[in-house]
Amino acid sequence: MKQPILSNCEKLFIVRAIAEGKRLDGRQMDESRVLHIYFGTDWGCCQVSLGETKVLAQVSCEVQQPKPTRPNEGLLFVNVELSPMGAPHFEAGRQSELAVQLNRLLEKCIKDSRCVDLESLCIMAEEKVWAVRVDVNVLNHEGNLVDAASVAALTALSHFRCPDVTITGEETIIHDPSERDPIPLSLHHYPVCVSYAVFNSGESVAADPTVIEERVSDSQIVCAVNAYRELCGLHLGGNALTNYEIVMQCANRAAKRAAEVVQIMKSALEEDANARAAEKSVGFAKCIQQGKVSALSQKQLSLQLDTSRLRDEASDLVQKKKKHISAEEEVDEINSIKGKDVGELSVVRVGRGSAELLPKQELMKFKEAVTSVARVGDGGESQWVKMESENVSGVKADQEEDSDEVPSSSSDVEVIEEIRCKTKKTVDSIDLSGDSEEEQTVVLNAADMEFSSKKSEDKSTSGKNIRSWYPMKQW
Amino acid sequence: MGINVDDVVVPGDVIQVPNENDKAKFILGPGLRRHADQILVTTSGVLRKKASNVYWVDCHRKRYVPVKGETVLGVVVNKSGDTFKVDIGSSEQASLSYLAFEGATKKNRPDIKIGDVVFAKLLEASRDMEPELVCVDSFGKRGKLGLLQEDGFIFTCSLNLIRKILNPKCTLLKLFGSEIPYDVAVGMNGKIWLKTKSIKESIGIGSAILAAEHLPNEEIIGMCNRVINNLKGM
Amino acid sequence: MCKVPPSWVLHYQIQAYKKMHTINDIYKQPEQQIFIPRNNRTTPQHQQTRQREESNARLHNGYSTHRRRNALHTTTTTTTTMCFMKRSKEKAQREQDAEESQAMFSDVITEDMKRGVCKYIIEPSFVPCENLTDGRLSFHGMNPEIERIMQLEQEANRLKVDVKEKDVSDFEMADRYSTLVGTVNRRFSTKRDHRNLQECDSEQRTKKMKFLKPSCD
């Protein structure tokens, strides 16, 4: 099936709307859609949803002979699959232009940036190495596949665990996961793709474009950036850009966005690790949400007004309903029947354009999720002050080493220690600690954290702390 | 166990119609078909009834199946010879003759480009043939059909929503009409074309229409008023 | 007819042939296939056509009877070609056509279809079922042409509603009744009253129609 053509009026409307600084789904020009990461039950399996764009990544590994030119390095393959499930015009089994481009971009971003420590994948030089393969499947295409795919691939890689291997003389034993715990891959840094659509020959730039925006735009810019503002790849598509400043602007913005994305990724990984450690149920069941209300907050609504006032009113309406329900509950209590299924409802605002009505028991769960999704930097800092007041010097010293691993909620010292250790053990790879080769990394890490936490107040001062080859520019 | 009106039905269900009068004829709407002397359900949905003898199944649908006589919105995708190929969201593209416009002759062809949007009526629609569109009625008059202006916006929604907003009981379109000047074309194929004086109004009305899908009629009025206030306030 | 050798002999013969020729060669030289009985020596194509004919006749038995009848008809062709027999010839033709078509569709057409009575009307569209309105609207002068049509439709609808509600409108009824009141009154009034009334009338009338002379004596 061919992709249906865009009508002239759609093109014209989008261009006019973008020129006015408006987008169909009510986002700001530099606002991205909500990013969610869910993990499967397997290691190295994750699903990323960016708005309605959904991508699934699965990492697998096998033992292979290394390349003769690099005898002590493992192999890494990235494969992107576009099936008709994602969009009706994708053809199964045929490498389309888009698939090739996506594949190449991901390779650029993950393989060529050398973020995975390939040397650690070596079992026996010149004979046996691990060949790690990342399969990315597009489940739904609603624009900006590159971002979703890169986040999915990277998260899957950092979630993945390779079976443990022991070498006894000539013999190589690959241990079953039940025998010995598998080992996570070591990642040096986290480069993610951030894409922008350029309209009106460079007059306006939209972040995280939807399908229709991608199709109408003059050109697309994809920047692969890591959390340390290092540019790992750059792709320019569409018409030639006449304005080089746009590239600089986009790179700067992409760096900011990349830091956010990496934070989301880390917290998702941490949450998953905690869930696994606590032997809670993990898997994709989490991504099915229940209890949707408020027609205006439907995620799939392709047209949305940016109307915060409207949303407030909607939440007021729900509040009224809540009162109504609680009144009902009182009646229930009189009859000594506790209406458990009715539950207490409350409104939670999840990002833009969506208020959700949740029963009380779910709310607790939900709040956890929200706090963990929120920037760790913010939460960590406030927690830190509290700790000081309790005068826990030993912990404090530890914390200065890796301030980003502050547990989110606890007052007991022992418990804090425990959690911290646990997270450090299981999520070692995402912890940007000193075992990476570059010594600067640690320094930059702290600077970066500071940047992400205080970015609203003092951009310029934190900007000076950060290593960057291009001049900082105010947006 | 019989099936009553307003019950949920699944394909294969047999519907018993009251059989007291042999002369009375029954009208079977979409989702029902007759097999021998039985009425069978062919889609899953809710059985509806109107005026004692009209039955149909109200189902959720997104894919349009052309039906003769319905008005649809289509995008012109190709010009070939003396016909235009129009994408109406069905499995096959519909054909639209260039003579099927008001005042069109062999010399005087309508000025239509690829990518234009037309509001047309289905003249022919059957399983085995290409659907055929016309932009004139049987008197050769344009009426409400024809080419739509380029400065509008077109978006897609489910077929249910179309039926909901076109139902005489739904006041959504009129409610907006009383407050905001706008021009709208709603195709039975799940496409809506909208033209207003500003981008903001277009997006506002569009979002309100899309949001109406899961709201009961009474709540739609409140939602519309909020959107109108919002549009007027800013 | 030559004697048919036992199958194994045939087999060996063919094996021997295969050593010398390919199978195709054997087919090229039919004279050498002396062991094959004559009635089997028909070409494969011929056999196929014959089989097909037989199976056809078996499939719809109407076919063979029809052929027989055809033969009967050919005997009378000379008479039917005459001018005065034209109509009966047409009739015969029609009958034959009908019979043929019936034979062809006998498995598709059900008894109900033949009777031509169907209780059900199939309506594939939602529009008449749910009384859906026209999807082309315009408000506040965005598209004057559409608005004009909408107004016309609205008026037509209103008229239709009026007509449906009452055969005679209230005003019409009142009008009619008031005139009736007059005529009925007149019937029951005395002559004097009548005259007075007429005078009254005439006085009024004189103002307008001066040229008419008062007819009173």
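Residues numbered from 1 in each chain as written. Chains lettered and ligands numbered in written order. Predicted model: local features only at pLDDT ≥ 70, side-chain atom pairs only at ≥ 80, totals over all residues.

- Under the annotation held in an unreviewed UniProt entry, chain C carries the name M-phase phosphoprotein 6 and is attributed to Coptotermes formosanus.

- As recorded in an unreviewed UniProt entry, chain A goes by the name Exosome complex component RRP45, listed as coming from Coptotermes formosanus.
- The Sequence similarities (unreviewed entry) comment attached to chain A in UniProt states, word for word, "Belongs to the RNase PH family." (UniProt positions renumbered as here; feature names shortened; annotations may be inferred.)

## What about the overall build of chain A?
Then comes step 1: The helix and strand inventory of chain A stands at 12 helices and 16 strands.
Then comes step 2: Look at the contacts in chain A between residues 6 or more apart in sequence, and 69% of them connect residues 24 or more apart. (Helix = DSSP H or I, 4+ residues; strand = E, 2+ residues; numbered from the N terminus. Contact = placed C-beta atoms within 7 Å.)

## Structural notes on the packing of helix α3 (residues 199-211) of chain B against helix α4 (residues 217-233) of chain B
Residue and element names in this part refer to chain B.
Then comes step 1: Between α3 and α4, whose axes approach to 10 Å, the crossing angle comes to 165°. The angle between the axes of α3 and α4 places the two elements in the roughly antiparallel class. The handedness of the crossing between α3 and α4 is right-handed. Residue-level inspection shows K200, E201, G204, A208 and A211 of α3 in contact with α4, the latter providing M223, C224, V227, N230 and L231.
Then comes step 2: Looking at the contact of α3 with α4 residue by residue, the class counts come to 6 nonpolar, 2 polar and 2 charged. (Axes fitted to C-alpha atoms, helices over the stretch in contact; angles between N-to-C directions. Parallel < 35°, antiparallel > 145°, perpendicular 65-115°, else oblique. Left-handed = near helix turned anticlockwise from the far one by under 90°. Nonpolar A, V, L, I, M, F, W, Y, C, P; charged D, E, K, R; others polar.)

## What to know about the interface of chain C and chain B
The parts lose accessible area when they come together, and the size of an interface is often stated as this lost area.
Then comes step 1: Between chain C and chain B, the contact holds 26 residues from the first and 32 residues from the second.
Then comes step 2: Contributing elements (two or more residues each) for the side of chain C that touches chain B: β1 (120-122), α7 (126-130), β2 (136-138) and α8 (144-165) of chain C.
Then comes step 3: Per-element accounting of the side of chain C that touches chain B gives the leading share, 4 residues, to α7(C).
Then comes step 4: For the side of chain C that touches chain B, the per-class residue count stands at 13 nonpolar, 8 polar and 5 charged.
Then comes step 5: By the bridge criterion, 3 bridges tie strand β3 (residues 26-28) of chain B to β1(C) in an arrangement that is parallel. (Pairing = 2+ DSSP bridges.)

## Side note on the pairing of strand β5 (residues 38-41) of chain B
Residues and elements named next belong to chain B.
Then comes step 1: With 2 bridges joining them, strand β2 (residues 14-15) and β5 adopt antiparallel strand pairing. Bridge pairing in β5 links I15 to I39.
Then comes step 2: In terms of strand pairing, strand β4 (residues 32-35) meets β5 through 4 bridges, oriented antiparallel. Bridging from a neighbouring strand, H35 pairs with Q38 of β5.
Then comes step 3: Taken together, β4 and the strand that follows it, β5, pair antiparallel across an intervening segment of 2 residues, in which A36 is found at a positive phi of about 55°.

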